[in-house]
Amino acid sequence: YRAALGIFIGDTLLMVLSTLGVASLLRTEPMLFMAIKYAGGAYLCWLGLSMLLGAWRRMRHPEPADAPQRQHKLSSRPTRKALLLSLSNPKAILFFVSFFIQFVDPAYAHPGLSFLVLGVIVQIISGIYLSILIFTGARLAHWFRQRQRLATGALTGVGALFVSFGVKLATATLT
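Since the model is a prediction, treat every value here as computed from it, not as a measurement.

We now examine the environment of Gly153. Its place among the elements puts Gly153 in helix H7 (residues 148–171). Distance from Gly153 to Met59, taken between C-alpha atoms, is 9.2 Å for residues 94 residues apart in sequence.

Helix length check: helix H3 (residues 30–60) (31 residues) gives 45 Å between terminal C-alpha atoms against 45 Å at 1.5 Å per residue, within 8%. Looking at H3, one finds that the buried residues are Phe33, Lys37, Gly40, Gly41, Tyr43, Leu44, Cys45, Leu47, Gly48, Gly54 and Ala55.

Below, the discussion takes up a nonpolar patch on the surface. A surface patch of nonpolar side chains, about 940 Å² in accessible area, is lined by Tyr108, Leu113, Leu116, Val117, Val120, Ile121, Ile124, Ile125, Ile128 and Ile132. Inspection of the secondary structure puts Ile121 in helix H6 (residues 111–145). Of the residues examined, Ile121 reaches a relative accessible area of 42% and is grouped as partly exposed.

The next subject is the confidence of the model for the protein chain. Averaged over all residues, the pLDDT of the protein chain equals 80, while 87% of them reach at least 70. Considering each helix and strand of the protein chain separately, the mean pLDDT is smallest for helix H2 (residues 22–28), with a value of 70, and largest for helix H1 (residues 2–19), with 89.

Here the focus is the nonpolar core. Leu14, Met15, Val22, Ala92, Ile93, Phe96, Val97, Phe100, Val104, Phe115, Leu118 and Val122 together form the largest nonpolar core, which totals twelve residues. For this core, the secondary structure elements donating two or more residues are H1, helix H5 (90–99) and H6. The leading source of residues in this core is H5, at four residues. Contact partners of Val22, with chain neighbours within four places excluded, come to Leu17 and Val97.

Moving on, we come to the side chain of Gln123. Structurally, the position occupied by Gln123 is in helix H6. Accessibility expressed as a relative area gives 16% for Gln123, which makes it buried. In this structure the side chain of Gln123 is engaged in a polar contact, spanning 3.0 Å, whose partner is the backbone oxygen of Phe8. When near neighbours in sequence (up to four residues on either side) are disregarded, Gln123 contacts Phe8, Asp11, Thr12 and Met15.

So, on to the packing of H1 against H5. The relative placement of two packed helices comes down to the angle between their axes together with the axis-to-axis distance. Between H1 and H5, the shortest axis-to-axis distance is 8 Å and the interhelical angle comes to 40 degrees. In terms of orientation, H1 and H5 fall into the oblique class. Judged by the sense of rotation from one axis to the other, the crossing of H1 with H5 is right-handed. Contacts between H1 and H5 involve Asp11, Leu14, Met15 and Ser18 from the first element and Ala92, Ile93, Phe96 and Val97 from the second. The residue inventory of the contact of H1 with H5, partitioned by class, reads six nonpolar, one polar and one charged.

Quick look at H1 now. With 18 residues, H1 extends 26 Å from end C-alpha to end C-alpha; this agrees with the ideal 26 Å at 1.5 Å per step. Turning to H1, its buried residues are Ala4, Gly6, Gly10, Asp11, Leu14, Met15 and Ser18. Following H1 by one or two positions, Gly21 adopts a phi angle in the positive range, close to 90 degrees.

Definitions and cut-offs
- Residues numbered from 1 in each chain as written.
- Predicted model: local features only at pLDDT ≥ 70, side-chain atom pairs only at ≥ 80, totals over all residues.
- Heavy atoms only, no water.
- Helix = DSSP H or I, 4+ residues; strand = E, 2+ residues; numbered from the N terminus.
- Expected span 1.5 Å × (residues − 1).
- Buried < 20%, exposed > 50% of the residue type's maximum accessible area, 1.4 Å probe, protein only.
- Patch = residues over 30% accessible without salt bridge, like charges linked within 9 Å, V, L, I, M, F, W, Y side chains within 5 Å.
- Areas by Shrake-Rupley, 256 points an atom, 1.4 Å probe, with all protein chains shown as cover.
- Salt bridge = Lys/Arg side-chain N within 4 Å of Asp/Glu carboxyl O.
- pLDDT = per-residue confidence, 0-100.
- Core = buried A, V, L, I, M, F, W, Y, C linked by side-chain atoms within 4.5 Å.
- Contact = heavy atoms within 4.5 Å.
- Polar contact = N/O pair within 3.5 Å; in protein donor to acceptor, adjacent residues only side chain to side chain.
- Axes fitted to C-alpha atoms, helices over the stretch in contact; angles between N-to-C directions.
- Parallel < 35°, antiparallel > 145°, perpendicular 65-115°, else oblique.
- Left-handed = near helix turned anticlockwise from the far one by under 90°.
- Nonpolar A, V, L, I, M, F, W, Y, C, P; charged D, E, K, R; others polar.

Shown next, in the form of structure tokens:
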């Protein structure tokens, strides 16, 4: 849930920026959007490479099957990592500055209230979705701890996917 907090904070910041009209800034300054896109792609590649290195270390130094169950160290700074990922995600940025604002009528007497209600709805849905991911992830983590080889293979696959998503993101166009 510490990582989910980072996503909530990032999404909230993106919603606030969309209400303040950052969409206009991104349209008039495409280099800013390109910088965000490349930063997001680089961050995904860095995360993927970190996973690949972790998998490589596991392959070289596997834990014995009869080793006592050790306490698994939680990821360092999960809130910060999730916040950076959320804020550098061009698809989330485009969602909030393009799609999100279409559901608020500026002619309404209180457009800020519309943004607030819509933002709360988005965060509730996000909370439900992230909770499902967290509980499913906890069960999968327990299952994978009992299957070291499979866990290493899965970590390698996910790391490779992150690197490929980072490259795809960096080379994607808006059209």
